[in-house]
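# Structural overview
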Amino acid sequence: MAEAAAAALVKVIFEKLADEAFKKYARSQNIHSELKQLGSTLSQIQALLNDASHKEITDESVRLWLNSLQHLAYDIDDILDEVATEAMHRELTPESEASTSMVRKLIPTCCTKFSLSHRLSPKLDSITTRLQYLEKQKADLGLIVKEEKPKNTSRRNETSLLESNVVGREGEKKRLLNQLLVGESSKENFSILPIVGLGGVGKTTLARILYNDTQVKDHFELMAWVCVSDECDVFKISETIFECVATENRQFKDVNQLQIALREQFKEKRFLLVLDDVWNQNYDDWEILVRPFHSGAAGSRVIMTTRQQDLLKKIGFNHVDNLESLSHEDALSLLALHALDVDNFDSHETLKPQADGIVKKCGGLPLALKAIGRLLRTKTEGEEWDDVLKSKIWDLENADAIVPALRLSYHDLPADLKRLFAYCSLFPKDFMFDKEELILLWIAEGYLNESTADKSPERLGQEYFEKLLSRSFFQPAPNGESFFVMHDLMNDLATFVAGEYFLRFDNQTEMAEEALGKYRHMSFMREDYVGFQKFEAFQRARSLRTLLAVYVGVEQSWNTLYISNKILVDLLPQLPLLRVLSLRRFNISEVPDAICSLNHLRYLNLSRTNISKLPENVGNLYNLQTLIVFGCESLSTLPKSFLKLKKLRHFDIRDTPHLKKLPLGIGELKNLQTLPKVIVGGDGDFAITKLKGLENLRGELSIEGLQKVQIPMHAREANLSQKRLTKLKMKWGNDSQRGSLEKEVLAELKPHTDTLKHFEVEYYGGVEFPCWVGDPTFHQLVHVSLWGCRKCTSLPPLGQLPSLKELLIQGMDDVKVISLELSRTTDVTFPSLEILRFEDMSSWKVWSTNSEVMFPCLRELQIIECPDLIDVSLEALPSLRVLRIEGCCESVLRSLVKAASSTTKLEIKSILGLTDEVWRSVIVNFWAVEELCIRKCDEIRYLWESDAEASKVLERKRRMRITLGAISYHLLGCCI
């Protein structure tokens, strides 16, 4: 497996050696001949790698030879990076600093220590000698030049089936679904449904199917999913559950305080909780964890997935049915589905014998079958399937530790993908990672090069990620968030193939000092306090390229994490080859100047720290590609040297409220793709025209200070229509009142129609919006927010946006009537809208529609602080489930009675004129309401006129939850 990493590194080295600018500088420094000789010897070794990739599986000597080659390749790459960095330093050194350089030119390079040749020649000689030694070993190892068999390029489309097709679990699903929804009576309010089985057998998949079932979602009031893993921290798990079920963010000092709050959340509610991947078998921990669960309503359920039965026996399960491996027929069907996109092999009879053999070797494990199936998608000939079946990997000695099918799937990957997957060994088990962030790490490590002229590294990373996802090396996080995880068995595989270059450092890691020099990449767990003593030995790990802080679980914003200042000041300068450094969320108030000496650094993550500024010499980080200061709320200034970061591609300054000014000239950083915020200033500050030079901007962009744009043509020069933005926010000053000018400016800021998904406008001072706002050609737009546009007298025609799901309109004081302007058509209006919110509309009086079909998908409507609204004429809202009315008159509620009759949750607050009589005429029409919240409606004296009337209502409902002020009532067939 070492061949993949060595081959990928060698490929990178040749790409660098072939670069014309690099060769030119090497000639100027008199090291070109040494590099040429090095490349010649390396090319002879490269020719042996295909043969070595097959022999390393069974020949330990070949594996060790490849390890030596990989270490050497790392050293070569470091030297080439030093040469390229020195060239960039010379290029960026201002003339005022070059006087000493002029003196140096008068001195022969052989006589000065400043010569790059003088510094590097001994290293190059040593490396060449080591390379020649490796090349000479080929005869003893039996390595020969062997052409690689060309792979079939007519591949089926690489699609990610994920869990959309699950085979062979119909019986288990039906049985467990019945236990969830009906089940047996229990003396406790909650009962446990265990799913027990081997790793990779599909426990989490089955739990996810149940969790996302429509009947289940309708049946339970509260639902939460928690990945427990092998470290059972009761506080951490309880905190995660609270995050899932609570609508508020709270900080807890201890388990007792937390569990009291959790008990209140569960109180008299039927809940479903999934505890996924439980390893801890300690009954005392379990007993503490479940204490709050007893307050839930009868019929609550806890699904537990685990590989072990010890804890279940202690709880009282005398017998547990294990989730069995798939039957041979089901396993064949799953293999056919992932390999051929068919249900069976009837139409591929020639492949059936090999398929039978492969299924037997996979042991019926769905994870292994999916991985092998994705591998076989690239192979269409019977001979190729035969090669897979007869691979020696199935028979390796350590097959029990690493599932052979997964290892075989890895072995079939191209070298580039192998290296990308191995890098993920830095992630602990159950670590949820973001796709975009992982791609930035890959880029920083040099894994995604721009050798493919028509693809950026980011685009290449997206494609590679999707390939690994489609082959089941990654999978979506089970809780439904937009993150990804690796199955535990895949994590074991990544750790195995990563070898001796990667270290996942935790409190249980045993360190061998002689191994420190070999490590190139390291991650460590963020803790409440990370002390220097733990890392002191790493001062000898001078070849380290990666130092990555990671965390498993739900991150709480209020938790303060500390790191010893000695690590920052004393340790980091001893790691001169660092390319990736993440200090995310540590309580750091100052970035030490020593970080600016890390010339190889590509990725620096300081997000959510307490820094107020960056070091003055941050511009010395010539290679920096990604700088993340997201959530640094104290950050207020950026140094002038920032403009020397010519390679910067991603500068994440989201949530930096005190950063009011960008360095003059930031528009000259032509490689920038990520710049989420620009602040338009006056003379001498950032001008909106500077956006023109940032041709590669994409993703999220917030433009603040638009009131300072005096000439509309300057806005046109920003050229937003050519930037592939997905989220755009435009913000004027709160006192902006130049209506016609602001409309002209906004008209010139039309963004790209094909990519925009999220659009916000704040404090726009125009009387109306330009025609592009609401144009249906923005077919990807899902969210629109218009906030504080107090001079506007009408709304833009947003009703024809085909994908719009959420619309928020707030603080539009001059709007009196909303009718035709929202739709301007009699066809279906707002075809996809799900959430609509009006707030603080002080002059709004009439809301009428002229469309035959309006809001067919609207599920949540909020009308807040609209005191003058009296006339609402809406047709039926068939999908509406949540209706919230606050600070309005009673006529709004009365007007919505018929249109909103399907509402299941009704919230009303401070409704003027809502008397008992009006209330009774309203509530009888809300026949579907299950949750009712009434606050500050003092004119209502009682909910129903009599107990008999209340009983009639409650006969139609098994359960209703009512909140009056701060008091909650749960009605089950009786009245208050």
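Every value quoted in this text rests on a predicted model; they were computed, and no experiment measured them.

Below, the discussion takes up the overall build of the chain. Scanning the chain from N- to C-terminus turns up 32 helices and 31 strands. In the chain, which comprises 976 residues, the proportion classed as buried is 54%. Just so you have it, the chain exposes about 43,100 Å², and 48% of that area is on carbon and sulfur atoms.

One non-glycine residue, tyrosine 763, lies in positive phi territory at about 60 degrees. When you line up the elements, tyrosine 763 lands in the loop between β19 (758-762) and β20 (783-787). Unlike most non-glycine residues, serine 910 shows phi in positive territory, near 50 degrees. Relative to the helices and strands, serine 910 is located in the loop between β28 (905-909) and α31 (916-923). Overall, serine 910 belongs to the partly exposed group, its relative accessible area being 30%.

Bringing the pairing of β19 into the picture now. By the criterion of burial, β19 is predominantly enclosed, with 5 of the 5 residues buried. Burial along β19 is two-sided: His758, Glu760 and Glu762 facing one way and Phe759 and Val761 facing the other are all buried. Sheet analysis places strand β18 (residues 724-731) next to β19, joined by 5 bridges and oriented parallel. Each residue of the ladder has a partner; that of methionine 730, found in β19, is valine 761. Sheet topology note: the β19/β20 ladder contains 5 bridges and is parallel. The residue of β20 that forms the bridge with glutamate 762 is tryptophan 787.

What follows covers the nonpolar core. Ranked by internal contacts, the top residues of the largest apolar core, which has 145 residues, are Phe651 and Trp847. Counting residues per element, this core draws most heavily on α31, which supplies 4 residues. In this structure, this core is formed jointly by two domains, domain 5 (500-659) and domain 6 (883-975), each of which donates at least three residues. Not counting residues within four places of it along the chain, the set of residues in contact with phenylalanine 651 comprises Leu627, Val629, Leu638, Phe642, Ile666, Leu672, Thr674, Leu675 and Pro676.

As enumerated under the stated definition, the model contains 35 aromatic pairs in all. Between phenylalanine 759 and tryptophan 772, the ring centres sit 5.5 Å apart and the planes meet at 55 degrees, which makes this aromatic pair tilted. Note that phenylalanine 759 is positioned in strand β19 and tryptophan 772 in the loop between β19 and β20, a separation of 13 residues in sequence. For the pair phenylalanine 759 and tryptophan 772, one class covers both residues: buried. Ring centres of phenylalanine 838 and tryptophan 847 lie 5.1 Å apart, and the angle between their planes is 70 degrees; this geometry places the pair in the edge-to-face category. Take phenylalanine 838 and tryptophan 847: they sit in the same class, and that class is buried. Of the aromatic side chains, those joined through ring pairs into one cluster are Phe427, Phe431, Phe433, Trp442, Phe465, Phe474 and Phe484.

When helix α17 (residues 352-362) is considered as a whole, its buried residues turn out to be Gln354, Ala355, Asp356, Gly357, Ile358, Val359 and Cys362. The secondary structure elements touched by the buried residues of α17 are α16 (328-340), α18 (366-376), α19 (382-389) and α20 (404-411). A positive phi of about 65 degrees marks glycine 363, the residue just after α17.

Taking 1.5 Å of rise per residue, 33 residues should cover 48 Å, and helix α5 (residues 60-92) covers 48 Å from first to last C-alpha, within 8% of that figure. Residue aspartate 59 occupies the N-cap position of α5, its side-chain oxygen lying 2.9 Å from the main-chain nitrogen of serine 61.

The subject of this paragraph is the sheet that holds strand β2 (residues 222-229). An order of β1-β4-β3-β2 is seen for the 4 strands of this open sheet, with the pairing classed as parallel. In this open sheet, the two strands that pair with only one neighbour each are β1 (190-196) and β2. The average undirected angle you get between the axes of adjacent strands in this sheet is 15 degrees. Sheet topology places β2 next to strand β3 (residues 271-278); 7 bridges connect them, and they run parallel.

Take the pairing of strand β23 (residues 835-839) next. Summarising burial for β23: 4 of the 5 residues are buried, a large majority. As judged from the 5 bridges shared by strand β21 (residues 806-810) and β23, these two strands associate in the parallel manner. Within β23, the position partnered with glutamine 810 by the bridge is glutamate 839. Alignment of β23 against strand β25 (residues 860-864), held across 5 bridges, turns out to be parallel. Considered in β25, the bridge of phenylalanine 838 is made with isoleucine 863.

What follows covers the confidence of the model for the chain. Confidence in the prediction for the chain averages 84 pLDDT; 88% of positions are at 70 or higher. For residues 152-162, every residue scores under 50 in pLDDT, and the model assigns this stretch 26 contacts once sequence neighbours within four places are set aside. Taken together, the stretch residues 967-976 has pLDDT below 50 and engages in 29 contacts with residues farther than four places along the chain or on a different chain.

To describe two helices that pack against each other, one gives the angle between their axes and the distance between the axes. Between α18 and α20, whose axes approach to 8 Å, the crossing angle comes to 25 degrees. Of the possible angle classes, the one that applies to α18 and α20 is roughly parallel. In this structure, α18 crosses over α20, and the sense of that crossing is left-handed. Facing Leu367, Ala368, Ala371, Ile372 and Leu375 of α18, the residues of α20 in contact are Ala405, Leu406, Leu408 and Ser409. Here the contact of α18 with α20 is composed, by residue class, of 8 nonpolar, 1 polar and no charged.

Tracing the backbone shows aspartate 655 in the loop between β15 (650-652) and β16 (677-679). The exposure class assigned to aspartate 655 is partly exposed, which follows from its relative accessible area of 46%. In the structure, aspartate 655 is positioned 22 residues away from lysine 677 in sequence and 9.2 Å away in space, judged by C-alpha atoms. Apart from residues lying up to four places away in sequence, aspartate 655 is in contact with Phe630, Gly631, Cys632 and Glu633.

On to the packing of helix α22 (residues 435-444) against helix α23 (residues 457-470), then. Axis separation between α22 and α23 bottoms out at 9 Å; the angle between their running directions is 115 degrees. As for the relative orientation of α22 and α23, their crossing is right-handed in sense. From α22, Lys435, Glu436, Leu438, Ile439, Trp442 and Ile443 reach across to α23, where they touch Pro457, Glu458, Gly461, Gln462, Phe465, Glu466 and Leu468. Here the contact of α22 with α23 is built from residues that sort into 7 nonpolar, 2 polar and 4 charged.

Backbone hydrogen bonds hold the strands of a sheet together, and the pairing may be parallel or antiparallel. Spatial ordering of the open sheet is given by β7-β8-β10-β12-β13-β14-β15, a layout of 7 strands whose pairing is parallel. Looking at the sheet topology across the chains shown, the edges are occupied by β7 (502-505) and β15. Geometrically, the sheet is characterised by an average inter-axis angle of 10 degrees between neighbouring strands, direction not taken into account. Relative to strand β8 (residues 521-525), β7 runs parallel, the two sharing 4 bridges. Note on β8: the bridge partner recorded for arginine 504 is serine 523.

With that settled, the discussion passes to the pattern of salt bridges. Going through the model one piece at a time under the given rule, you end up with 48 salt bridges. For aspartate 77, the salt bridge identified is with arginine 579, shortest N-O distance 3.1 Å. With aspartate 77 in helix α5 and arginine 579 in the loop between α26 (565-571) and β12 (580-582), this pair connects stretches of sequence that are 502 residues apart. By relative accessible area, which is 2% here, aspartate 77 ends up buried.

Definitions and limits used
Residues numbered from 1 in each chain as written. Predicted model: local features only at pLDDT ≥ 70, side-chain atom pairs only at ≥ 80, totals over all residues. Heavy atoms only, no water. Helix = DSSP H or I, 4+ residues; strand = E, 2+ residues; numbered from the N terminus. Buried < 20%, exposed > 50% of the residue type's maximum accessible area, 1.4 Å probe, protein only. Areas by Shrake-Rupley, 256 points an atom, 1.4 Å probe, with all protein chains shown as cover. Pairing = 2+ DSSP bridges. Core = buried A, V, L, I, M, F, W, Y, C linked by side-chain atoms within 4.5 Å. Domains from an automatic or database assignment. Contact = heavy atoms within 4.5 Å. Phe/Tyr/Trp six-rings, centres within 6.5 Å; stacked < 30°, edge-to-face > 60°. Expected span 1.5 Å × (residues − 1). Polar contact = N/O pair within 3.5 Å; in protein donor to acceptor, adjacent residues only side chain to side chain. Axes fitted to C-alpha atoms, helices over the stretch in contact; angles between N-to-C directions. pLDDT = per-residue confidence, 0-100. Parallel < 35°, antiparallel > 145°, perpendicular 65-115°, else oblique. Left-handed = near helix turned anticlockwise from the far one by under 90°. Nonpolar A, V, L, I, M, F, W, Y, C, P; charged D, E, K, R; others polar. Salt bridge = Lys/Arg side-chain N within 4 Å of Asp/Glu carboxyl O.

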